[in-house]
Amino acid sequence: MFINGAWATEPSGSEFEILNPATGGVIKSLPDGGAEAARAAIDAAAEALVTWRVTTPYQRAEFLMRAHALMLERQEDLAKVMTAEQGKPLRAAMTEVKYASDFLQWFAEEGKRVYGEIIPSARADQRFHVLHQPVGVVAAITPWNYPISMITRKLGPALAAGCTVVLKPAEATPLTAVETFKIFEDAGFPPGVVNLVTAGDPKPVGEEFTSNPKVAKLTFTGSTAVGKLLAGKAAGNMKRVSCELGGHAPFLVLKDADPVHAAKGLQLVKFLNTGQACISPNRIFVHRDVLDGFLDTLSGRVGGMKAGNGMEQGVTIGPLVNEAAVAKVENQVNDAVAKGAEVLCGGTRLTDGDLGQGHFFAPTVLTDVTPEMLIYREETFGPVAAVVPFDDDDDVLAMANDTHYGLAAYVYSQNLSQAMRLFEGLEFGIIGINDINPASAAAPFGGMKDSGLGREGSREGIHEYLETKVGGFSI
Ligand code: NAP
């Protein structure tokens, strides 16, 4: 743990183990920080806030840009740690480190553009001046699927805005967080500005984050169930909250789409991170006129994927995070098959040879998926492409919106009017139109409905860490 500028152990001495999901082996143990550690970190952040909040955005940008440069310098080392504890292929981990560094750079610059406003008054003797100021101490909780970019997507804007931070990373991937905090230390952030509390049991830390009066804001990325629980507790103490939660992305392939192009896109985005992404397509609606071409290309590409340890050359898909994740995927596939879905490829656990030591499930394509199946409603978070054939482009908008989630959606169409109609009608926060990567540090990322509150990235992302103050000046 990193508290008040120093590496710390848990006072009680208890630790938890971090496992490699490809091999089942123990990588390391870390301190199991509880409420006491969280309180110490919050105290340090509150003390550091006094001086950090009055630094200029230009000074804060210098710290962030140093961290950005160090992150790129250490890209490969960070990626190796991430692959070991999270499982994604090394190349994907390298890409994630680069994406994570983008948030440090982008918000270092954006901090300089937190402009106020002068508003004309109805009274001749009055002027309104609007000012944005840091909210204060931020408590951040991140998930295991993107172990570094979920950290910088929060800390980049929070620090640029003038806030201080306490982070609790996921139990499965704290080693990447430790390496990230070594970067903050080496970039010279003053003691207490950034604090890290590792924990095997998240509950005491969550309690402290949502009840400690020194915490002004909770920012959470993870499941909808935990997000609702923590947002409820934080609301009771009137803390600002932003939440990036689960998704159930529809992927629409319309009658006029190029089925080969759409299938290539689907394969890339669906199997990214072994399907463990909040923006992963979960219901793939394909018009029957282009279904055969789509399924041929998709099955061919998915059948050619190589599962294995992400450290090995040639591996294109890693393990799932743990046994519970494999069991959830297996249950969804078995349920779909029992209710009439057809398996075109994969469909089972992978246990041959070394794969038997880890948590592997074959990259899978299902077709003839229907609304009665679990996979049509539940977030899969695994390597299963669930194809739902449909007959009329006019019906597909309502089908896509038929979910309590609202994070990402994708549309493949060559018809501009159809694409625009769907872009405007889809109840999701992030929409790819013939595009599988509608995310960047510069673009707002976040969901509607049960997928969350607020946005990360972009100009909106920094305003999540700012209060608005108005001054009425009588002259
Ligand atoms: P999770 O179980 O909700 O955990 C997320 C984080 O919350 C972890 O650090 C976890 O700690 C912590 N946590 C769990 N229970 C807690 C409690 N009672 N008090 C305080 N903290 C608690 O979610 P996950 O399985 O790690 O992540 C997968 C989910 O995240 C998916 O639903 C995915 O869609 C979503 N996600 C969303 C986005 C987005 O931007 N919208 C991005 C990535 C992931 P432990 O690890 O110790 O349990």
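Residues numbered from 1 in each chain as written. Predicted model: local features only at pLDDT ≥ 70, side-chain atom pairs only at ≥ 80, totals over all residues. Heavy atoms only, no water.

1. Some points on unusual backbone geometry
Here Asn 4, not a glycine, exhibits a phi torsion of approximately 55°, which is positive. Turning to its location among the elements, Asn 4 is positioned in the loop between strand 1 (2-3) and strand 2 (6-7). Positive phi is not limited to glycine here, since Ser 458 has a value of about 70°. (Helix = DSSP H or I, 4+ residues; strand = E, 2+ residues; numbered from the N terminus.)

2. Brief notes about a nonpolar patch on the surface
Nonpolar side chains collect at one region of the surface, where Met 420, Phe 423 and Ile 433 lie side by side and expose about 260 Å² of accessible area between them. In this structure, Ile 433 sits in strand 19 (residues 430-433). Overall, the relative accessible area of 31% leaves Ile 433 in the partly exposed class. (Patch = residues over 30% accessible without salt bridge, like charges linked within 9 Å, V, L, I, M, F, W, Y side chains within 5 Å. Areas by Shrake-Rupley, 256 points an atom, 1.4 Å probe, with all protein chains shown as cover. Salt bridge = Lys/Arg side-chain N within 4 Å of Asp/Glu carboxyl O. Buried < 20%, exposed > 50% of the residue type's maximum accessible area, 1.4 Å probe, protein only.)

3. With respect to the site of the ligand
Of all residues adjacent to the ligand, which total 30 residues, the nearest are Thr 142, Arg 153, Glu 171, Ser 223 and Glu 379. Within the side chain of Trp 144, one N or O atom sits 3.0 Å away from an oxygen atom of the ligand. The separation between an oxygen atom of the ligand and a polar side-chain atom of Glu 379 is 2.6 Å. Listing elements by their share of the shell around the ligand, those giving two or more residues are helix 5 (149-161), helix 7 (202-211), strand 10 (215-221) and helix 8 (224-236). (Near = heavy atom within 4 Å. Polar contact = N/O pair within 3.5 Å; in protein donor to acceptor, adjacent residues only side chain to side chain.)

4. What about the nonpolar core?
Residues Met 71, Leu 155, Leu 159, Phe 181, Phe 184, Phe 189 and Val 194 are the most contacted members of the largest nonpolar core, which totals 50 residues. The greatest single-element share of this core, amounting to seven residues, is contributed by helix 4 (residues 90-110). Judged by nonpolar contacts, the second largest core, of 36 residues, contains Ala 307, Leu 407, Ala 408 and Phe 445. (Core = buried A, V, L, I, M, F, W, Y, C linked by side-chain atoms within 4.5 Å.)

5. Quick notes on the side chain of Thr 152
By the element assignment, Thr 152 lies in helix 5. A distance of 3.4 Å separates a polar side-chain atom of Thr 152 from the backbone oxygen of Ser 149. Beyond its immediate chain neighbours, meaning those up to four positions away, Thr 152 contacts Met 71, Ala 100, Phe 103, Leu 104 and Pro 157. (Contact = heavy atoms within 4.5 Å.)

6. As for the pairing of strand 16 (residues 384-390)
Most of strand 16 sits out of view: seven of its seven residues are buried. Of the two faces of strand 16, the one carrying Val 384, Ala 386, Val 388 and Phe 390 and the one carrying Ala 385, Val 387 and Pro 389 are both buried. The pairing of strand 13 (residues 281-287) with strand 16 spans four bridges and is classified as parallel. By the bridge assignment, Ile 284 is partnered in strand 16 with Val 387. Relative to strand 16, strand 15 (residues 364-367) is paired through three bridges, and the arrangement is parallel. In the strand pairing of strand 16, Leu 366 is matched with Ala 386. (Pairing = 2+ DSSP bridges.)

7. Quick look at the domain arrangement of the protein chain
Each assigned domain of the protein chain is listed here: domain 1 (2-245 + 449-474) and domain 2 (249-433). Centre-to-centre, using C-alpha coordinates, domain 1 lies 31 Å away from domain 2. Residue-level contacts link 22 residues of domain 1 with 29 residues of domain 2. Summing the contributions of domain 1 and of domain 2, the shared interface buries around 2000 Å²; its carbon and sulfur component is 56%. The interface formed by domain 1 and domain 2 includes one salt bridge. Residues Glu 427 and Lys 449 are paired through a salt bridge, measuring 3.1 Å at the closest nitrogen-oxygen approach. At the junction of domain 1 with domain 2, the criterion picks out 12 residue pairs in polar contact (both at pLDDT 80 or more). (Domains from an automatic or database assignment. Buried area = accessible area lost by both parts, 1.4 Å probe.)

8. Points about helix 8
The terminal C-alpha atoms of helix 8 lie 18 Å apart, and with 13 residues this matches the ideal 18 Å at 1.5 Å per residue to within 8%. Positive backbone phi, at 55°, marks Met 238, one or two positions downstream of helix 8. (Expected span 1.5 Å × (residues − 1).)

9. Some points on the sheet that holds strand 6 (residues 126-134)
Strand order in the open sheet formed by three strands is 5-6-22, with antiparallel pairing between adjacent strands. In the strand order of this sheet, the two ends are held by strand 5 (117-120) and strand 22 (466-474), each with one partner. Averaged over all pairs of adjacent strands, the angle between strand axes in this sheet comes to 25°, irrespective of strand direction. Inspection of the sheet shows strand 6 paired to strand 22 by nine bridges, in the antiparallel sense. In the strand pairing of strand 22, His 132 is matched with Thr 468. (Axes fitted to C-alpha atoms, helices over the stretch in contact; angles between N-to-C directions.)

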